[in-house]
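For reference, the chains in residue letters:
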Amino acid sequence: MTGVARSTAQLDKSLKFVCNRLHTFGLKNWFVGYGTLLGIVRDGHCIDGDDDLDIVIDVKEINQVR
């Protein structure tokens, strides 16, 4: 970790926002991965004290993301 640690509530709020934006813009080839997925599966929420969200997006949709 190199960034600022965030609370579970902050990370969960950010994750919901990003997921909603990806859905709004019609991106379909993406998923939550790595530590973010681990926290959701294991604890039901993002890992407290983490400093990022791990979202994998198909490179073919990079222009939509930009």
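Residues numbered from 1 in each chain as written. Predicted model: local features only at pLDDT ≥ 70, side-chain atom pairs only at ≥ 80, totals over all residues. Heavy atoms only, no water.

Here we look at the environment of aspartate 51
Link 1 in the chain: Assignment of secondary structure puts aspartate 51 in the loop between α2 (34-43) and β2 (55-57).
Link 2 in the chain: The exposure class assigned to aspartate 51 is partly exposed, which follows from its relative accessible area of 21%.
Link 3 in the chain: In the structure, aspartate 51 is positioned 40 residues away from leucine 11 in sequence and 8.2 Å away in space, judged by C-alpha atoms.
Link 4 in the chain: Within the structure, aspartate 51 has its side chain in polar contact with the backbone nitrogen of glycine 3 (distance 2.6 Å). (Helix = DSSP H or I, 4+ residues; strand = E, 2+ residues; numbered from the N terminus. Buried < 20%, exposed > 50% of the residue type's maximum accessible area, 1.4 Å probe, protein only. Polar contact = N/O pair within 3.5 Å; in protein donor to acceptor, adjacent residues only side chain to side chain.)

Re helix α1 (residues 8-24)
Link 1 in the chain: Counted at 1.5 Å a residue, the expected span for α1 with its 17 residues is 24 Å, and the 24 Å between its end C-alpha atoms agrees.
Link 2 in the chain: Within the sequence span of α1, burial applies to Thr8, Leu11, Leu15 and Leu22. Axial view of α1: buried residues confined to an arc of 65°, hence all on one face. Seen from the open side of α1, the exposed residues pointing more than 90 degrees away from its buried face are Ala9, Lys13, Lys16, Phe17, Asn20 and Thr24.
Link 3 in the chain: Against the buried residues of α1 lie β1 (30-32), α2 and β2.
Link 4 in the chain: Count one or two residues on from α1 and you reach glycine 26, which has phi positive near 80°. (Expected span 1.5 Å × (residues − 1). Arc of directions from axis to C-beta. Contact = heavy atoms within 4.5 Å.)

Quick notes on unusual backbone geometry
Link 1 in the chain: The phi dihedral of tyrosine 34 is positive, around 50°, even though this residue is not glycine.
Link 2 in the chain: The residue tyrosine 34 is located in helix α2 in this model.
Link 3 in the chain: The class of tyrosine 34 is exposed, set by a relative accessible area of 64%.

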